[in-house]
Amino acid sequence: PDSAHQAHFDAAIAADRRIEPRDWMPEGYRKTLVRQVSQHAHSEIIGMQPEGDWIASAPSLRRKAILLAKVQDEAGHGLYLYAAAETLGVDRADLTQRLVDGRQKYSSIFNYPSLTFADVGVIGWLVDGAAICNQVPLCRSSFGPYARAMVRICKEESFHQRQGYELLMRMMEGTEGQRAMVQDAVDRWWWPSLMMFGPPDDESPNTARSMAWGIKRNTNDELRQKFVDMTVPQADKLGVTLPDPELVWNDERGHYDFGDPDWNEFKQVVSGAGPCNAERIARRRAAHEKGAWVREAAAAHARKHNTEEAA
Ligand code: 3HC
């Protein structure tokens, strides 16, 4: 009976044991995992656009090669995560349809434009830095396939963050104009990076249950604080200022105090009214439609191959 299954599941969660796809799980656990894992996968795929725009205009072959590798990594992260989501009984074609129909979300951060090449460095430094803060605890998520996908993704994410920071270091050693480009990009990406961690804990409908089920290991505010504490010294070393007049070290707390992101802007962007939402979805829809023939050909080949095998 379900009560015995529930008791077994609860004991596994309490003992910090992994839940695997074939284990019994409460429908709510499965549903919130499908929600989080598929939206995480969508974020990786949409995240290819702002940086992908700069591959053809990278200032050197070295920068082009690094950026190409990073964008390809993001595609791979998306595929690991769609594979993890499919172990929960959903189909990636259906998930993609929900994304392009606006029935599923992706990270708000990718709805901002990448205006100069300094944005490529700031995205690596801040956006991948925030993603690392958010994804390292997810390596201990209670759902096996998700946690194992995170381990692989985190290894590649640290390369992403370091290449971004190195790019900015080079530019900060450059001309006055290059230094101004870096500062301008930091000013535009700082607050949206803080919003990546989600709404404040007291406005987060999913956090309590996700923590109780061991899906999430920290709350949104905890990880946001961790990211600020980690990033301020890096900004000082880089020689840029962060656009928050309330940012100050608080000795008592042992953390930086910082200002409030604009949560109305966050709600706007999450609900589809950000600077680039329409463009990001239109390009994803177009790529999906343009790629239909490849999927059909692969499926036809597989059918032919299987009938040959069966014969
Ligand atoms: N962008 C878009 N939607 C967001 C959001 C954001 N930054 N933050 C929260 N939301 C949504 C949530 O999805 C939820 O809506 P839903 O119920 O329809 O899914 C709602 O706002 C309320 O938020 P909650 O805090 O209650 O939701 P969660 O408990 O799911 O917390 C989260 C949000 C912290 C983003 C969590 O889902 C999470 O950790 N997800 C996995 C990590 C992830 O998605 N990271 C994206 C970073 S991009 C990336 O990794 C690419 C990098 O390689 C560059």
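Going by the structure above, here's the rest.
Residues numbered from 1 in each chain as written. Predicted model: local features only at pLDDT ≥ 70, side-chain atom pairs only at ≥ 80, totals over all residues. Heavy atoms only, no water.

A. View of the site of the ligand. Neighbouring residues of the ligand: 33 residues in total, closest K105, S108, S204, K216 and N220. Within the contact set of the ligand, an oxygen atom lies 3.2 Å away from a side-chain nitrogen or oxygen of E44. Within the backbone of N206, one N or O atom sits 2.9 Å away from an oxygen atom of the ligand. Burial of the ligand by the surrounding chains reaches 89%, relative to a free accessible area of 1000 Å². Taken atom by atom, the bulk of the ligand overlaps the largest pocket. Among the residues making up the shell around the ligand, the classes are represented as 13 nonpolar, 13 polar and seven charged. (Near = heavy atom within 4 Å. Polar contact = N/O pair within 3.5 Å; in protein donor to acceptor, adjacent residues only side chain to side chain. Areas by Shrake-Rupley, 256 points an atom, 1.4 Å probe, with all protein chains shown as cover. 1 Å grid on protein atoms, 1.4 Å probe; cavity = no way out; pocket = protein on both sides within 12 Å on 5 of 7 lines; lining within 4 Å. Sits in = over half its atoms within 2 Å of the grid points. Nonpolar A, V, L, I, M, F, W, Y, C, P; charged D, E, K, R; others polar.)

B. Main features of the nonpolar core. Within the largest apolar cluster, 50 residues are counted, with the highest numbers of intra-cluster contacts made by W125, V182, W189, W190, F227, L238 and V240. Elements with a minimum of two residues in this core: helix 4 (61–86), helix 6 (118–135), helix 7 (144–172), helix 8 (176–195), helix 10 (220–238) and helix 11 (263–273). For this core, the element with the most residues is helix 6, which contributes nine residues. For W190, the contacting residues outside a window of four places in its chain are L126, F227, V228, T231, L242, P243 and D244. M25, V34, Y146 and I153 belong to the second-largest nonpolar core, a separate cluster that totals 28 residues. (Core = buried A, V, L, I, M, F, W, Y, C linked by side-chain atoms within 4.5 Å. Buried < 20%, exposed > 50% of the residue type's maximum accessible area, 1.4 Å probe, protein only. Helix = DSSP H or I, 4+ residues; strand = E, 2+ residues; numbered from the N terminus. Contact = heavy atoms within 4.5 Å.)

C. How the structure looks around the side chain of Q39. Locating Q39 in the fold gives a position in helix 2 (residues 27–46). A residue is classified by how much of its surface remains accessible, and Q39, at 15% relative accessible area, is buried. In this structure the side chain of Q39 is engaged in a polar contact, spanning 2.8 Å, whose partner is the backbone nitrogen of K105. Q39 has contacts with V34, Q104, K105 and Y106, leaving out every residue within four places of it along the chain.

D. Up close: the side chain of S210. Among the structural elements, S210 can be located in helix 9 (residues 207–212). Judged by relative accessible area, S210 falls into the buried class, the value being 1%. Dropping the residues within four chain positions of it, S210 is found in contact with T32, R35, I215 and K216.

E. Quick look at the layout of surface pockets. Its boundaries defined by the atoms lining it, the largest pocket holds a volume of some 1100 Å³. Lining the largest pocket are 46 residues, and of these Q39, S107, M196, F197 and G198 sit closest to its centre. Counting residues per element, the ones that place at least two in the lining of the largest pocket are helix 2, helix 4, helix 6, helix 7, helix 10 and helix 11. The element best represented in the lining of the largest pocket is helix 6, accounting for seven residues. Residues that form the lining of the largest pocket fall into these classes: 19 nonpolar, 15 polar and 12 charged. (Points joined across faces, edges and corners; volume = space filled by probe spheres on them.)

F. Here's a closer look at the packing of helix 6 against helix 8. Two elements in contact, helix 6 and helix 8, have axes whose closest approach is 9 Å; the angle formed by their N-to-C orientations is 30°. By the angle between their axes, helix 6 is roughly parallel relative to helix 8. Two packed elements cross with a definite hand, and for helix 6 against helix 8 that hand is right-handed. Where helix 6 approaches helix 8, its residues A118, D119, V122, I123, W125, L126, V127 and A130 are matched on the opposing element by M181, V182, A185, V186, R188, W189, W190 and S193. Here the residues of the contact of helix 6 with helix 8 are counted per class, giving 13 nonpolar, one polar and two charged. (Axes fitted to C-alpha atoms, helices over the stretch in contact; angles between N-to-C directions. Parallel < 35°, antiparallel > 145°, perpendicular 65-115°, else oblique. Left-handed = near helix turned anticlockwise from the far one by under 90°.)

G. Region of the structure containing the packing of helix 6 against helix 10. Running from N to C, helix 6 and helix 10 point in directions that differ by 145°, and their axes come no closer than 10 Å. Here helix 6 runs over helix 10; the crossing is right-handed. Along the contact surface, helix 6 presents W125, L126, G129, A130, C133 and N134, while helix 10 presents L223, K226, F227, M230, T231, Q234, A235 and L238. Its residues placed into classes, the contact of helix 6 with helix 10 shows nine nonpolar, four polar and one charged.

H. Focus on the pattern of salt bridges. In this structure the tally under the stated criterion is 21 salt bridges. The closest approach of N and O atoms between K70 and E74, which form a salt bridge, is 2.7 Å. Separated by four residues within a single helix, K70 and E74 lie in helix 4, roughly one turn from each other. Of the two residues, K70 and E74, both sit in the buried class. For D101, the salt bridge identified is with R103, shortest N-O distance 3.1 Å. Overall, D101 belongs to the partly exposed group, its relative accessible area being 38%. Through salt bridges with shared partners, a single network forms among R62, R63, E166, R170 and E173. (Salt bridge = Lys/Arg side-chain N within 4 Å of Asp/Glu carboxyl O.)

Everything listed is a geometric property; what it means functionally is a separate question.
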